[in-house]
Amino acid sequence: MIPASRRLQRWRSHCRIAAVVLLIAAFSSCSKSPSRRGGGAGAPVLVGYARHKVVPLVIDAVGTVEPIRSATVRAQITGSLLKIAIHEGQDVTAGDLLFEIDSRPFAAALQSALADEQRIMVQRDSAQAQLARYKALNVGTMVSQDQFQQIEDNARALQAQATAAEAAVANARLQLEYCSIRAPIGGRTGNLNVHEGDLIRANDGGALVTINQLSPIYVTFGIPQQELPLVNRYRAQGTLSVQAALVSGEDHPARGDLTFVDNTVDSTTGTIKLKATFLNSGRGLWPGQFANVTLTLAAPEVLTVPASAVQSNQNGNHVFVVKSDKTAEFRPVVVERTFDDNAVITSGVTAGEAVVTDGQLRVVPGQPVQIKAPDFFTNPAAQSDMSGKNPVSAPDDKARRQGT
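Bear in mind that the values here come from a model prediction, so they are computed numbers and not experimental data.

Asker: When you look at the side chain of glutamate 117 in this model, what are you seeing that I'm missing?
Answerer: As for its placement among the helices and strands, glutamate 117 is situated in helix 2 (residues 104-136). Lacking a salt bridge, the buried glutamate 117 has arginine 173 as its closest oppositely charged neighbour, with an N-O distance of 5.9 Å. Apart from the residues lying within four places of it in its own chain, the contact partners of glutamate 117 are Ala165, Glu166 and Val169.

Asker: When you look at the confidence of the model for the protein in this model, what are you seeing that I'm missing?
Answerer: Detailed reading of predicted coordinates is not advised where the pLDDT is low. For the protein, mean pLDDT is 85; residues scoring 70 or higher make up 80% of the total. No element of the protein has a lower mean pLDDT than helix 6 (residues 397-403), at 39, and none a higher one than strand 15 (residues 271-278), at 97. In this model, residues 29-39 is a region of pLDDT below 50 whose contacts with residues beyond four sequence positions or in other chains number eleven contacts. Every residue in residues 386-404 scores below 50 in pLDDT, and together they form 39 contacts with partners more than four places removed in sequence or on other chains.

Asker: What exactly am I supposed to notice about unusual backbone geometry here?
Answerer: Excluding glycine, a negative phi dihedral is what most residues carry, and trans is how most peptide bonds are arranged. Geometrically, the link from serine 215 to proline 216 is a cis peptide bond, its omega value of -5° lying close to zero. Positive phi outside glycine occurs at asparagine 280, with the angle close to 55°. In the Ramachandran plot, lysine 326 falls in the positive-phi region, its phi being about 65° despite a non-glycine side chain. Mapped onto the elements of the fold, lysine 326 is located in the loop between strand 19 (316-322) and strand 20 (328-332).

Asker: It is not clear to me how the environment of threonine 268 should be interpreted in this structure. Could you clarify?
Answerer: Note on placement: threonine 268 falls in the loop between strand 14 (254-266) and strand 15. Threonine 268 gets classed as exposed once you look at its relative accessible area, which sits at 67%. Only 2.6 Å separates the side chain of threonine 268 from the side chain of aspartate 266, close enough to count as a polar contact.

Asker: Where do I start with helix 2 in this structure?
Answerer: What sets the pattern is the α-helix's 3.6 residues per turn: residues three or four places apart point alike. In this model, helix 2 (33 residues) spans 49 Å end to end at C-alpha, consistent with the 48 Å of a helix rising 1.5 Å per residue. Taken residue by residue, helix 2 has Phe106, Leu110, Ala113, Glu117, Ile120, Met121, Arg124, Ala127 and Leu131 as its buried positions. Turning to helix 2, the residues buried within the fold contact helix 3 (145-177).

Cut-offs used in this document
- Starting afresh in each chain, residues are numbered from 1 along the sequence in its written order.
- Only residues with pLDDT of 70 or above have their local features reported here, since the model is predicted, and side-chain atom pairs are shown and tallied only from 80 upward, although totals for entire chains, interfaces and linings are computed over all residues.
- Heavy atoms from the whole structure form the basis of all side-chain values; hydrogens and water molecules are not counted.
- Secondary structure counts use DSSP, requiring at least four H or I residues in a row for a helix and at least two E residues in a row for a strand, with both numbered from the N terminus.
- Per-residue accessibility, obtained with a 1.4 Å probe over protein chains only, is compared with the maximum for each type, and a residue is labelled buried under 20%, exposed over 50%, and partly exposed between these values.
- By the counting scheme adopted, Arg and Lys are positive, Glu and Asp are negative, and His together with the chain ends is not counted.
- Just to be clear on terms, a salt bridge is a Lys or Arg side-chain nitrogen sitting within 4 Å of an Asp or Glu carboxyl oxygen.
- Two residues qualify as a contact provided that any one of their heavy atoms is within 4.5 Å of a heavy atom in the partner residue.
- Confidence of the predictor in every single residue is expressed as pLDDT, which spans 0 to 100.
- A 3.5 Å cut-off defines polar contacts: any pair of N or O atoms within that distance qualifies, except that in protein one atom must be a possible hydrogen donor and the other a possible acceptor, and neighbouring residues in sequence count only when both atoms are side-chain atoms.
- A helix is expected to span 1.5 Å multiplied by its residue count minus one.

This is the structure:
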């Protein structure tokens, strides 16, 4: 008969074995449950394709809209303002009448200058006639040398006075013209700072009105000095295109050309100023506005993948490439730049290869994946039904459009 202690030891040994078996069975059940949910088809993913595309090479910046020409209108004479011929915000052309100052004092000054000029002209003509008569005589016999010199000096003095009188008349006419203040440039008027009846003083520093040219117009922006060699290289090949979209969210950005690169880099900011000219025929750009500027240097054809396919870790960028056997391959890539939803790839993939664009967290390198339609990731019912009975062997058109 087996002792009770021996039987107790055997019973404990059997219990341990049973516990181990149950633990192994539970672990096996847990490990198989995802396969049952996924039907053995692998992680659900969306894919896109590596393709050759024309992707612009651009520089983005924030700029301000500035008028090409701006004129601050001031009075050049002192007088009473009789008439304002414009209203605020009016479009004017060069030469249009803006203001009229009381011209009566200046008209009288012109008449006085004309009278002085006429008087001096008569005296000058008389002196010149007298000089001509004495020249015909025998100087030294009929008239003394000193007397002839005096007559000649008088004629020259009157000639100088006549010249001064002509200048006084011209100045009086100019002062009279200043009574009518006209637009020096074409553009749109701003706020009026005077009223009819005000006493306008010359050179007092106050502007009557400011005129800004709105079409064409500048957009001024700055770029880092590191980008200057690139800009100069592509500018030497032709005119560079610039787009300006208002910060407020303009749907259709204005298009213009780069027309100015400053000759000095700002040492305080490390940037250089550029200007682009826009026709602005629709008056969409307004002086003082901020605009998002895109300077296009070139539009080369490059190899791209959807930007959402690129993942990053401590070793750099990588993508998951879906091979022909529907398994995922970890592939390091070199990203040159991104534009919109495209990442420009210089190495790591070839044209036509499929890359995972969504679902990367479930992907295991070397393991199978299941390519799904785009609505799988937004439809909970579709996610819960992964029996694997009808796996998608290739992306449909909708999935391809989503990936690219």
